[in-house]
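The lines below spell out each chain.
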Amino acid sequence: MIELLKTDEIIEKVGGRFKLTGLIQRRWLELMRGARPLVDPAGKTQMEIVIEEIAQGKISIDYEASGLAPPEK
């Protein structure tokens, strides 16, 4: 299992489980369609790449454009 998903840190960073799931799905689809990873993909699955991109802050939800409320800090 991916270690970053065992804690709530990444969930809180995005603003909830459902928002995290949506972000993962969207980015995973981009990778499947040929987008380049924003982190070193050596020896990682696409899911691990997506989770690491989120954890490093390289991808996130554009709350202004989406109309979603940003997470409370």
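Preceding this section is the structure that the text describes.
Residues numbered from 1 in each chain as written. Predicted model: local features only at pLDDT ≥ 70, side-chain atom pairs only at ≥ 80, totals over all residues. Heavy atoms only, no water.

**Student:** Even after reading the chapter, I still don't get the packing of helix α2 (residues 17–32) against helix α3 (residues 46–55), so can you show me in this structure?
**Tutor:** Helix packing geometry: the angle between the two helix axes and the distance between the axes. Here α2 crosses α3 at 125 degrees, and the two axes come no closer than 10 Å. As far as their axial angle goes, α3 and α2 are oblique. Where α2 crosses over α3, the handedness of that crossing is right-handed. Between α2 and α3, the contacting residues are Leu20, Leu23, Ile24, Arg27, Trp28, Leu31 and Met32 on the first element and Gln46, Met47, Ile49, Val50, Ile51, Glu53 and Ile54 on the second. Broken down by class, the residue content of the contact of α2 with α3 amounts to 11 nonpolar, one polar and two charged. (Axes fitted to C-alpha atoms, helices over the stretch in contact; angles between N-to-C directions. Helix = DSSP H or I, 4+ residues; strand = E, 2+ residues; numbered from the N terminus. Parallel < 35°, antiparallel > 145°, perpendicular 65-115°, else oblique. Left-handed = near helix turned anticlockwise from the far one by under 90°. Contact = heavy atoms within 4.5 Å. Nonpolar A, V, L, I, M, F, W, Y, C, P; charged D, E, K, R; others polar.)

**Student:** Help me understand the environment of Arg26 in this model?
**Tutor:** Of note, Arg26 is situated in helix α2. Distance in space between the C-alpha atoms of Arg26 and Val50 is 9.7 Å, their sequence separation being 24 residues.

**Student:** Sorry if this is basic, but what is going on with the environment of Leu68 here?
**Tutor:** Mapping Leu68 onto the fold places it in the segment after α4 (63–66). A relative accessible area of 40% means that Leu68 is categorised as partly exposed. Leu68 sits 22 residues away from Gln46 along the chain, and the two C-alpha atoms are 26 Å apart. Dropping the residues within four chain positions of it, Leu68 is found in contact with Ile61 and Tyr63. (Buried < 20%, exposed > 50% of the residue type's maximum accessible area, 1.4 Å probe, protein only.)

**Student:** Teacher, can you tell me more about the pattern of salt bridges here?
**Tutor:** Going through the model one piece at a time under the given rule, you end up with five salt bridges. Where Arg27 meets Glu30, a salt bridge forms, and the shortest distance between an N and an O atom there is 2.9 Å. With Arg27 and Glu30 both in helix α2 and three residues apart, the pair spans about one turn of that helix. The partner of Lys44 in a salt bridge is Glu52, and the shortest N-O contact between them spans 2.8 Å. The exposure class assigned to Lys44 is partly exposed, which follows from its relative accessible area of 28%. In the salt-bridge network here, residues are joined through shared partners; they are Arg27, Glu30 and Glu53. (Salt bridge = Lys/Arg side-chain N within 4 Å of Asp/Glu carboxyl O.)

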